[in-house]
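Structural description and commentary
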Amino acid sequence: MKEQTKSGFVAIVGRPNVGKSTLLNHILGFKLSITSRKPQTTRHRLLGIFTQDDLQMVFVDTPGLNAKFEKQSSEMDRFMNHQAVGVLSDVDICLHVMDARGWREEDDNVVRHLVSANVRSICAMNKVDRVNPKPKLLPVMKLASEKHPYDEIIPISALKNDGLEVLINQVGKRLPQGPHLYSEKEITDRPVRFLVAEMIREKVVRQLGDELPYRTTVVVESFSEQAKVTSIDAVIYVEKESQKGIVIGKAGSRLKSIGTASRQSIESFLHKQVFLNVVVRVHRGWTNERLALASLGYQ
């Protein structure tokens, strides 16, 4: 007799830059969420659908929870914090991803939201590959257990695929019985145009300095699929004319590099030749205007 199916929503939350998107990508075995070493690379709530036999987990990747964003420093900050906090009351369980090298004040902020949402949670202590010797993990695990009554505290390395099977099993045990919400072939609910825009934004974030990536966004204006080639027109938006020059670079060198790297990623994703045209435009103050954010896809 076939076992009854199980399915549920799993939020991936944590402070910025602890590896939430890397964890989602390695669970799925597919690069869905863009990554970089810069905090707050993730801006949107993103669904990643993991189906294994009778179990379906719908992971929700979120921007890093940051206490300073609750002080409402900009419309973009408020948007990202809302994306992260808003999901907590709508899921079956949360994965609190923390850095195994130590508990931080920002982790206390995450716990505060878990308590407020009254949602059960598992602590995923990520980056254990960077902790040596391993007994150093024990006091961190003890501290985490004192901070919050997690169902489980599981050491993992998302990058090395270490501990992910245990994590999936523990999450699966706690999901309710019910029909699968998506087909086995679906990996996300986001359209291809969104994923393509995110791939381009990833290259922007990786190639620019520490501050400018937070003043840029990418919009795919046209996406035309033919039999052998897909033509894409995309715009990188910045806030100031001076930033436009930085993105373009000397004699267009940086924009060309961003375009080449983006095209290669998109071709690998679509499995076909891509013609990509990327331009840079100024949209003054877009990170601090609600209507501007909405018009650029942040809603």
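Scroll up for the structure.
Anyway, here's the lowdown on the structure attached to this text. The model shown is predicted, which means the values in this text are computed figures rather than measured ones. (Residues numbered from 1 in each chain as written. Predicted model: local features only at pLDDT ≥ 70, side-chain atom pairs only at ≥ 80, totals over all residues. Heavy atoms only, no water.)

Turning to the overall build of the protein, a few remarks are in order. Check the secondary structure of the protein and you find nine helices and nine strands. Burial analysis of the protein (299 residues in total) assigns 52% to the buried set. When contacts within the protein are restricted to residue pairs at least 6 apart in sequence, long-range pairs at least 24 apart make up 71% of them. In the structure as shown, the protein presents an accessible area of about 14,500 Å², 49% of it carried by carbon and sulfur atoms. (Helix = DSSP H or I, 4+ residues; strand = E, 2+ residues; numbered from the N terminus. Buried < 20%, exposed > 50% of the residue type's maximum accessible area, 1.4 Å probe, protein only. Contact = heavy atoms within 4.5 Å. Areas by Shrake-Rupley, 256 points an atom, 1.4 Å probe, with all protein chains shown as cover.)

The next subject is unusual backbone geometry. For the peptide bond that leads from Asn132 to Pro133, omega is -5°, which places it in the cis range. Along the polypeptide, Pro133 turns up in the loop between strand E5 (121-126) and helix H4 (137-147). One non-glycine residue with positive phi stands out, namely Asn118, at about 55°. Structurally, Asn118 can be placed in the loop between helix H3 (105-117) and E5. Despite not being glycine, Asn161 has its phi angle at roughly 60°, a positive value. Residue placement: Asn161 occurs in the loop between strand E6 (152-155) and helix H5 (164-173). Accessibility expressed as a relative area gives 46% for Asn161, which makes it partly exposed.

Another aspect to go through is the side chain of Ser21. Relative to the assigned elements, Ser21 resides in helix H1 (residues 20-28). Take Ser21: its relative accessible area is 7%, and that puts it in the buried class. Within the local environment of Ser21, its side chain forms a polar contact with the side chain of Ser33, the two groups lying 2.9 Å apart. (Polar contact = N/O pair within 3.5 Å; in protein donor to acceptor, adjacent residues only side chain to side chain.)

What follows is about helix H8 (residues 253-270). Here H8 is 18 residues long and its end C-alpha atoms lie 26 Å apart, about the 26 Å a rise of 1.5 Å per residue gives. Residues of H8 that are buried: Leu255, Ile258, Gly259, Ala261, Ser262, Ile266 and Leu270. Looking at the buried side of H8, the elements it contacts are helix H6 (192-207), strand E7 (217-225), strand E8 (229-238), helix H7 (241-248) and strand E9 (273-282). Positive phi appears at His271, one or two residues downstream of H8, with a value of about 60°. (Expected span 1.5 Å × (residues − 1).)

Further remarks concern the packing of aromatic side chains. If you walk through the whole model with that rule in mind, you get one aromatic pair. Ring geometry for Phe30 versus Phe269: centroids 5.9 Å apart, planes at 50°, classification tilted. You can see Phe30 sitting in the loop between H1 and strand E2 (46-52) and its partner Phe269 sitting in helix H8, a full 239 residues away along the chain. The exposure class assigned to Phe269 is partly exposed, which follows from its relative accessible area of 21%. The side chain of Arg190 reaches across the aromatic face of Phe194, ending 4.2 Å from its centre. (Phe/Tyr/Trp six-rings, centres within 6.5 Å; stacked < 30°, edge-to-face > 60°. Lys NZ or Arg CZ within 6 Å of the ring centre and 35° of its normal.)

Paired through their backbone hydrogen bonds, the strands of a sheet run either parallel or antiparallel. With respect to topology, three strands assemble into an open sheet ordered E7-E8-E9, the strand pairing being mixed. Only two strands of the sheet have a single partner each, and these edge strands are E7 and E9. On average, each strand axis in the sheet is tilted by 20° relative to the strand beside it, whichever way the strands run. Against the sheet, H8 makes contact with E7, E8 and E9, and its axis sits at roughly 140° relative to E9, the strand it touches most. (Pairing = 2+ DSSP bridges. Axes fitted to C-alpha atoms, helices over the stretch in contact; angles between N-to-C directions.)

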